[in-house]
Amino acid sequence: MLFKILIFIVVLFSIALLLILFGQLPSYNETFIHKGRQFLVNAIFLPIASGMERIDRRLFKGYCSRLIFGKEIRWLLGWFTPLFYVILMSLCLNYFMVAVYPVVVVSYNCDPIWNFRFLFIIAPTLILNYWSFAMATLCDAGNISKLSPEKMNSMEKKFKCNGLIFFDGFQCRTCLTPKIARSKHCSTCNDRCVLLFDHHCIWLNNDVGYYNYRYFLIFLFEISITLGYGSYLCYVGLSYNLQRAQLPPDVQSQYHFKQLWFLMRETSLQNEIMGVLCLLAGILCPLVAMFLFEHLWYIYLGVTTNESLKWDYIRQLIEYKVLFKFTKVPSNEEVFLMTEPDPTSELGVVFKRLSNDEPFKVVSGKLDRIESWDDLDNIYDSGFFKNLHERMFPVM
């Protein structure tokens, strides 16, 4: 019974993690993942929160809500998730060393190659796991307000506005810092604009931006390897114990994975622990790997998670055939415009700037409709390897 409960918790936790990780990403809009996250929030979280709030107002006059949503409590709750990861990872590692590692060592019969694996694969991978997680969590993501004037000028030259999704002459409406291209004010932290903002990560309790994206990417790569290789080693240990186990005749006639399932459920606590770790790592590995490939794909495209939603808006304008490029004469300055229906106009439409949605008079220049992506140039895309180099080696 305990084993079934553990398996149920593992599967439930993995599904919830899938919805939380991917449900907010723009590329998954209108998919079952996005709808699943909406259901999780609207049908479960919000009703529970609303009910607790009503009880609080009735019994405690809202004191508990004010306490929970106070700055200090929110700060503590923010650090709960990374602390939970460290504790969970450490517990799983402890169970692995106690229940799995001794069996794997015996199964390899003290093979010198196994010693090589431990020294040069397992131990460095685990060290890298904690190091990359700590660096991604604790390092400044790129707080613009902390930049010196010289550094601010340097970053404004590095991250130029493209006139499509980022525009010159704007400042943040919240913290009033200059709006450098590719930056964003974090609505979760609500106290800073971040260079090359990608997203706010609840697992890190930190923004992922220009200065810590490399640690975030290393962590995703490393945890994918850890989960995949850990699941494989658990399978090796289970298979070795299966060869030595005395199974009932009706189980011996079953196929291999059926025998492993019986071994995990009906034999020893050690096999039960190996089974739970194998399933947990095996289910989480493809989820984290999907998240890693998602970010590698964004690097290939030369966009961030935050920018992907902006580019989706541009894609919609192209599909609706309402996006235009106006080239002024003789300055050759390019202005991107969109059209909106206007019955009072001679053309039946009015041209508006993308930058501020203000009407624009199309005179003294050349007007071209943007027909496809080939008519646009993403100035932030320098090719996969150069994009990756920019993320992994930021200018300090």
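None of these values were measured; they are calculated from a predicted model.

1. Let's talk about the nonpolar core
Counting 48 residues, the largest nonpolar core has Val100, Leu204, Phe216, Ile223, Leu227 and Leu238 as its most contacted members. Counting only elements with at least two residues in this core, the list comes to helix H4 (71-107), helix H5 (112-138), helix H7 (213-244), helix H9 (256-266) and helix H10 (269-301). Leave out the neighbours within four places in its chain, and phenylalanine 216 touches Ala136, His199, Cys201, Leu204, Val208, Phe291 and His295. Counting 31 residues, the second largest nonpolar core, distinct from the first, contains Leu147, Met155, Leu195 and Tyr211.

2. Observations concerning empty space enclosed by the protein
A probe matching the size of a water molecule, rolled over the atoms, marks out where space remains unfilled. Applying the stated criterion to the full structure yields 2 cavities of 30 Å³ or more. Here the largest cavity defines a volume of roughly 710 Å³. In terms of lining residues, the largest cavity is bounded by 36 residues, among which Tyr85, Met89, Ile223, Thr226 and Leu227 are the most central. Mapped by element, the contributors of at least two residues to the lining of the largest cavity are helix H1 (2-22), H4, H5, H7 and H10. At 12 residues, the largest contribution of residues to the lining of the largest cavity is made by H7.

3. Description of the pairing of strand E5 (residues 323-328)
For a regular strand, side-chain orientation follows a simple rule: the groups alternate between the two sheet faces. Most of E5 sits out of view: 5 of its 6 residues are buried. Inspection of the sheet shows E5 paired to strand E6 (residues 334-341) by 5 bridges, in the antiparallel sense. The residue of E6 that forms the bridge with threonine 327 is glutamate 334. In this structure, E5 lies alongside strand E8 (residues 365-369), joined through 5 bridges in antiparallel fashion.

4. Examining the sheet that holds E8
Here we have 4 strands laid out as an open sheet, ordered E7-E6-E5-E8, and antiparallel in their pairing. Across the chains shown, the open sheet's two edge strands, defined by having one partner strand only, are strand E7 (349-353) and E8. Across the sheet, the axes of successive neighbouring strands diverge by a mean angle of 35 degrees, strand direction being ignored.

Criteria and cut-off values
Residues numbered from 1 in each chain as written. Predicted model: local features only at pLDDT ≥ 70, side-chain atom pairs only at ≥ 80, totals over all residues. Heavy atoms only, no water. Core = buried A, V, L, I, M, F, W, Y, C linked by side-chain atoms within 4.5 Å. Buried < 20%, exposed > 50% of the residue type's maximum accessible area, 1.4 Å probe, protein only. Helix = DSSP H or I, 4+ residues; strand = E, 2+ residues; numbered from the N terminus. Contact = heavy atoms within 4.5 Å. 1 Å grid on protein atoms, 1.4 Å probe; cavity = no way out; pocket = protein on both sides within 12 Å on 5 of 7 lines; lining within 4 Å. Points joined across faces, edges and corners; volume = space filled by probe spheres on them. Pairing = 2+ DSSP bridges. Axes fitted to C-alpha atoms, helices over the stretch in contact; angles between N-to-C directions.

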